[in-house]
Amino acid sequence: MRTSLPTAAAAATCLATASLLLATTAHAATSAFADEAGDVGPGVDLRSVKVVNGEENLRVVTTHRDLVPGFRSQAGGKVFLDTDPEDKGPEYVLVGGYFEGTDYALVAVDGWSDQDGERVECSYTSRLDYDAETVRSRFSQDCFDRDDATTDVRVEVRVSGARKGGGTAVDWLGTPRTFSAPVPQG
Ligand SMILES: [Ca+2]
Ligand SMILES: [Ca+2]
Ligand SMILES: [Ca+2]
């Protein structure tokens, strides 16, 4: 559930988050992955994915072309996270809408489908910024159940939205259902 904070509290939270981000970024391993521009029409077109695998938090920032608040975009995305390279496919996916009034959920999955996934109860947020055209997501590292030794994370992103003239436009980061290079925890 999203809660609305009073403005002062929200501002304080923003400040705290900003300094926490700076502090975390200094130590965390950061990787950026670019996606082709214009491989789908404006509205969702994925441009880049930044991953910061910190000690406390994993952050994923996706940048888009023409991210808009209007519902007509029907835009949304899935950020797939691979925390166990031994097990084929992703272990988690963040599913979220990209227009105003939409929600998001972190789901534990076994493979690329989120149909039978279970929502994970842990600390995570995902924020839409229409001016910066970004979706910024943060997950506490406690969200991820790792019995393996590795703390690397690999990502894949799929965004979709309404295509002008009907149908759905889909844009994957690189080759569909292929993970990025591993981002080690730093
Ligand atoms: Ca693209
Ligand atoms: Ca896996
Ligand atoms: Ca693409």
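Above this text you will find the structure in question.
On a predicted model such as this, the values are computed, not experimentally measured, just so you know. (Residues numbered from 1 in each chain as written. Chains lettered and ligands numbered in written order. Predicted model: local features only at pLDDT ≥ 70, side-chain atom pairs only at ≥ 80, totals over all residues.)

Peer 1: Help me out: how do you make sense of the overall build of the protein in this one?
Peer 2: From N to C terminus, the protein includes one helix and 11 strands. Helices and strands appear in the protein in the N-to-C order α-β-β-β-β-β-β-β-β-β-β-β. For the protein, the proportion of its 186 residues judged to be buried stands at 26%. The long-range share in the protein, meaning contacts at least 24 apart out of those at least 6 apart in sequence, stands at 55%. (Helix = DSSP H or I, 4+ residues; strand = E, 2+ residues; numbered from the N terminus. Buried ≥ 20, exposed ≤ 12 C-beta atoms within 10 Å, placed from the backbone. Contact = placed C-beta atoms within 7 Å.)

Peer 1: Whenever I open this one, the nonpolar core confuses me. Can you help?
Peer 2: Among soluble globular proteins, nonpolar side chains are generally buried collectively. Residues V51, V79, L81, V93, V155 and V157 are the most contacted members of the largest nonpolar core, which totals 31 residues. Looking at this core, the elements with two or more residues in it are β2 (46–53), β3 (57–64), β4 (76–82), β5 (92–97), β6 (104–108), β9 (134–140) and β10 (154–162). In terms of residue count, β2 provides more of this core than any other element does, four residues in total. (Core = buried A, V, L, I, M, F, W, Y, C linked by C-beta atoms within 7 Å.)

Peer 1: Help me out: how do you make sense of unusual backbone geometry in this one?
Peer 2: In this structure, Q74 takes a positive phi of about 50° despite not being glycine. Within the secondary structure layout, Q74 lies in the loop between β3 and β4. According to the C-beta neighbour criterion, Q74 is partly exposed, with 18 such atoms within 10 Å. Positive phi, normally seen in glycine, also occurs at R177, with a value near 60°. Its place among the elements puts R177 in the segment after β11 (168–172). Classification of R177 by C-beta neighbours within 10 Å gives partly exposed; the count is 13.

Peer 1: What's the story with the environment of L81 in this structure? I'm lost.
Peer 2: Positionally, L81 belongs in strand β4. Through-space distance from the C-alpha of L81 to that of V93 is 5.9 Å; in sequence the pair is 12 residues apart. If sequence neighbours within four positions are ignored, L81 has contacts with P90, E91, Y92, V93, V153 and V155.

Peer 1: I tried to follow the sheet that holds β6 on my own but got confused; where do I start?
Peer 2: Backbone-to-backbone hydrogen bonds pair the strands of a sheet. The strands run either parallel or antiparallel. Ordered by their spatial adjacency, six strands build an open sheet running β7-β6-β5-β4-β10-β11, and the pairing between neighbours is antiparallel. Unpaired on one side and paired on the other, β7 (118–119) and β11 mark the two borders of the sheet. Relative to β5, β4 runs antiparallel, the two sharing six bridges. Across the sheet, G77 pairs through a bridge with G96, a residue of β5. (Pairing = 2+ DSSP bridges.)

Peer 1: Before we go on, may I ask you to explain the pairing of β11 in this structure?
Peer 2: It is a general feature of regular strands that their side chains alternate between the two faces of the sheet. Of the strand pairs in this sheet, β10 and β11 are connected by five bridges, and their pairing is antiparallel. Residue pairing for β11: G161 is matched across the bridge by A169. Taken together, β10 and the strand that follows it, β11, pair antiparallel across an intervening segment of five residues, in which G165 is found at a positive phi of about 90°.

Peer 1: Just to check I follow, could you spell out the pairing of β5 for this structure?
Peer 2: Sheet analysis places β5 next to β6, joined by five bridges and oriented antiparallel. Within β6, the position partnered with V95 by the bridge is A105.

Peer 1: Please clarify how the sheet that holds strand β8 (residues 124–129) should be interpreted in this entry.
Peer 2: With antiparallel pairing, five strands are arranged side by side in an open sheet as β1-β2-β3-β9-β8. Either end of the sheet is taken by a strand with one partner, and the two such strands are β1 (29–34) and β8. Between one strand axis and the next, the sheet turns through 10° on average, direction left out of account. Bridging between β8 and β9 involves six bridges; their strand directions are antiparallel. (Axes fitted to C-alpha atoms, helices over the stretch in contact; angles between N-to-C directions.)

Peer 1: Looking at this structure, how should I read the environment of D145?
Peer 2: The topology assignment puts D145 in the loop between β9 and β10. For D145, a count of 13 C-beta atoms within 10 Å translates into the label partly exposed. Measuring from C-alpha to C-alpha, the distance between D145 and D84 comes to 9.5 Å, with 61 residues separating the pair along the chain.

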